[in-house]
Amino acid sequence: MSASVTERPAAAAAGTATPSPAAAPAPHPARQALALAVVAGCNAMIQLDDPIMNIALPGIRADLGLSALAASWVVGAYLLAFGGLLLLGGRAGDILGRRRVFVAGVVLFTAAAAVRSVVPTGELLIAVRAVEGAGAAFAAANGFVLMLSTFAEGPARKRAIAVCTAVGAASTAGGLLLAGALTSAGSWRWVLLLNVPMGLAVVLLAPRVIAETARVRGRFDLRGALLSALGAASLVYGLSQAAERPWSDALVAGPLLAGLLLLSAFVATQRRAAEPIVRLGLFRDRDRALAFASMLVLPGALIGAYFFLSQSFQQHHGWSPLEAAFGLLPVPVTMAATAGVAVRVERAIGPKTTMAIGTAALVLENLWLSALGPDGAYPTGVLPALVLLGAGMAFCVIPPTVLATSGLRAEELGSAASVLNALQSVGGSLCIALMVTASSGRSDFSATMSAGFTAGAAFAGAALLTALSLRPRRRLRA
């Protein structure tokens, strides 16, 4: 009797003994569904935060009297804390218990989300946003692993990943609409409270429906934690400054160089550490390393639609924030609708071909929008490209996520998930910095937008090359 295996265990691909995959217990299906709902709800809450802040920021600047630099720190403080603490959050879950650290992260995130809505000054808002980013890092680093440990490796886990992807996309859609409506009808302070009910629900339900993971005996690698946090934070800061300054500027080149040096020192310490934060053996398998690499460039294929089209809708077409939110809605709606399809396609033709189809769609979509210009008709010009973008992202995100977390022991899942999240965070900052640099200095917004989408096509092309470098799927005897 033979069976079709979608992906090979990582250690077998590397030519070493195959580890025992993370075998999840088999709880009652209803309990599994509730656990998935809680983790997906947390994922949705964190993803909802970005559209909320982007739409609320103009009102925040006006009411609190923030300069453009201070306003950038409202976003930057969150990104620095989030990107810098992901790896530490994963290691904390190993030692203290993933559910405990997950709930603590959600509590911190939710409390900060409530406080930020009543802050009287911009300085306090920036500090609260840093606390919020720390809570998001600890929640994100452990929530995904809790989901993986709830579902055994195979079709059930792939479906769970698809559900998380769909719920996250749907939350982005809902966040765009709610934030646009509340901003148009009331104060920005109302908008910032949208995350609080979701956070409270996750905190109340998680201890009841999610089983605690076994703790790993060990200690924190404080030197590695400090190097990884400072290195990632320096890198994210430098990249965020590169969106507004030349790459030779001291505020760009200095933090980037410091980040690279700190991260190089971090890798060196991880090679010698008895209990490392990141298991470098994860990168020995080519397919897993390529899956990680894809997360560095995939954000660049998505960012342009939100960054450039939102400006085009409001500044050149005169749309309100709510109308602009409706205009971008096809992206998350299509992504949510096609996530399940992507899982079935991946099971039938393998991760390599599935990801290649998705990245090719992103190349086409970005080239399409680069030739359109800001005056293109929405129904015939913009809408088809946004549908293509949403479907392409579903086909691009699920296969590398599956590849990066398959064939691992239970104690390796946390490290893999933390690396996946960290690379996506750094990749988002890198892509937006490069995209803004590529589109700056143009004569008008039409040329700027065209250059930005051309850069997005280049990022999508890099992801396509990554997909084509994956090994073909093999059929193994069961």
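Predicted model, so just to flag it, every value in this text is computed and none were measured. (Residues numbered from 1 in each chain as written. Predicted model: local features only at pLDDT ≥ 70, side-chain atom pairs only at ≥ 80, totals over all residues. Heavy atoms only, no water.)

## Things to note about the overall build of the chain
Here comes step 1: Looking only at helices and strands, the chain features 17 helices and zero strands.
Here comes step 2: Looking at the 478 residues of the chain, the share that counts as buried comes to 54%.
Here comes step 3: Sequence-distant contacts, at least 24 apart, represent 83% of the contacts inside the chain between residues at least 6 apart. (Helix = DSSP H or I, 4+ residues; strand = E, 2+ residues; numbered from the N terminus. Buried < 20%, exposed > 50% of the residue type's maximum accessible area, 1.4 Å probe, protein only. Contact = heavy atoms within 4.5 Å.)

## Digging into the environment of Ala-422
Here comes step 1: Here Ala-422 lies in helix 16 (residues 410-439).
Here comes step 2: Taking the C-alpha atoms as reference points, Ala-422 and Gly-83, separated by 339 residues in sequence, lie 5.8 Å from one another.
Here comes step 3: Discounting chain neighbours no more than four positions away, the residues touching Ala-422 are Leu-86 and Leu-87.

## Considerations on the confidence of the model for the chain
Here comes step 1: Chain-level pLDDT for the chain is 81 on average; 89% of the residues reach the 70-or-more range.
Here comes step 2: Mean pLDDT across the elements of the chain ranges from a minimum in helix 1 (residues 10-13), with 35, to a maximum in helix 4 (residues 98-116), with 94.
Here comes step 3: Between residues 1-25, whose pLDDT stays under 50, and residues either more than four places distant or in other chains, the model counts 56 contacts.
Here comes step 4: Across residues 474-478, where pLDDT falls below 50, the model places nine contacts with residues more than four positions away in sequence or in other chains. (pLDDT = per-residue confidence, 0-100.)

## Overview of the state of the cysteines
Here comes step 1: Enumeration according to the criterion identifies zero disulfides in this entry.
Here comes step 2: With no disulfide of its own, Cys-42 lies closest to Cys-164 among cysteine sulfurs, the gap being 9.6 Å.
Here comes step 3: Exposure remark for Cys-42: the relative accessible area of 3% places this residue in the buried category.
Here comes step 4: Residue Cys-164 is classed as buried on the basis of its relative accessible area, which comes to 8%. (Disulfide = S-S within 2.5 Å.)

## With respect to a nonpolar patch on the surface
Here comes step 1: Taken together, the side chains of Leu-96, Phe-220 and Leu-222 present a nonpolar region at the surface, about 270 Å² in accessible area.
Here comes step 2: Tracing the backbone shows Leu-222 in helix 9 (residues 222-242). (Patch = residues over 30% accessible without salt bridge, like charges linked within 9 Å, V, L, I, M, F, W, Y side chains within 5 Å. Areas by Shrake-Rupley, 256 points an atom, 1.4 Å probe, with all protein chains shown as cover. Salt bridge = Lys/Arg side-chain N within 4 Å of Asp/Glu carboxyl O.)

## Things to note about helix 13 (residues 330-349)
Here comes step 1: In this model helix 13 runs 26 Å from its N-terminal to its C-terminal C-alpha over 20 residues, within 8% of the 28 Å that 1.5 Å per residue would give.
Here comes step 2: Where helix 13 bends most, at Thr-338, the angle is about 40°.
Here comes step 3: The set of residues buried in helix 13 consists of Pro-330, Val-331, Pro-332, Thr-334, Met-335, Thr-338, Ala-339, Ala-342, Val-343 and Glu-346.
Here comes step 4: With its phi angle positive at about 95°, Gly-350 sits one or two positions after the end of helix 13. (Expected span 1.5 Å × (residues − 1). Bend = angle between axes of the 7 residues up to and from the residue.)

## Re the packing of aromatic side chains
Here comes step 1: Applying the stated criterion across every chain, the model contains six aromatic pairs.
Here comes step 2: A ring pair is formed by Phe-313 and Trp-319, whose centres lie 4.4 Å apart and whose planes are at 20°; its orientation type is stacked.
Here comes step 3: Judged by relative accessible area, Phe-313 falls into the buried class, the value being 3%.
Here comes step 4: Judged by relative accessible area, Trp-319 falls into the partly exposed class, the value being 25%.
Here comes step 5: Put simply, the rings of Phe-313, Trp-319 and Tyr-378 pair up and form one aromatic cluster. (Phe/Tyr/Trp six-rings, centres within 6.5 Å; stacked < 30°, edge-to-face > 60°.)

## Structural notes on the nonpolar core
Here comes step 1: By size, the foremost hydrophobic cluster in this structure holds 65 residues, and its most contacted members are Cys-42, Phe-102, Met-147, Ile-210 and Ile-398.
Here comes step 2: If one sorts the elements of this core by residue count, helix 5 (residues 122-150) sits on top with ten residues.
Here comes step 3: With 36 residues, the next largest nonpolar core counts Val-397, Cys-431, Val-436 and Ala-463 among its residues. (Core = buried A, V, L, I, M, F, W, Y, C linked by side-chain atoms within 4.5 Å.)

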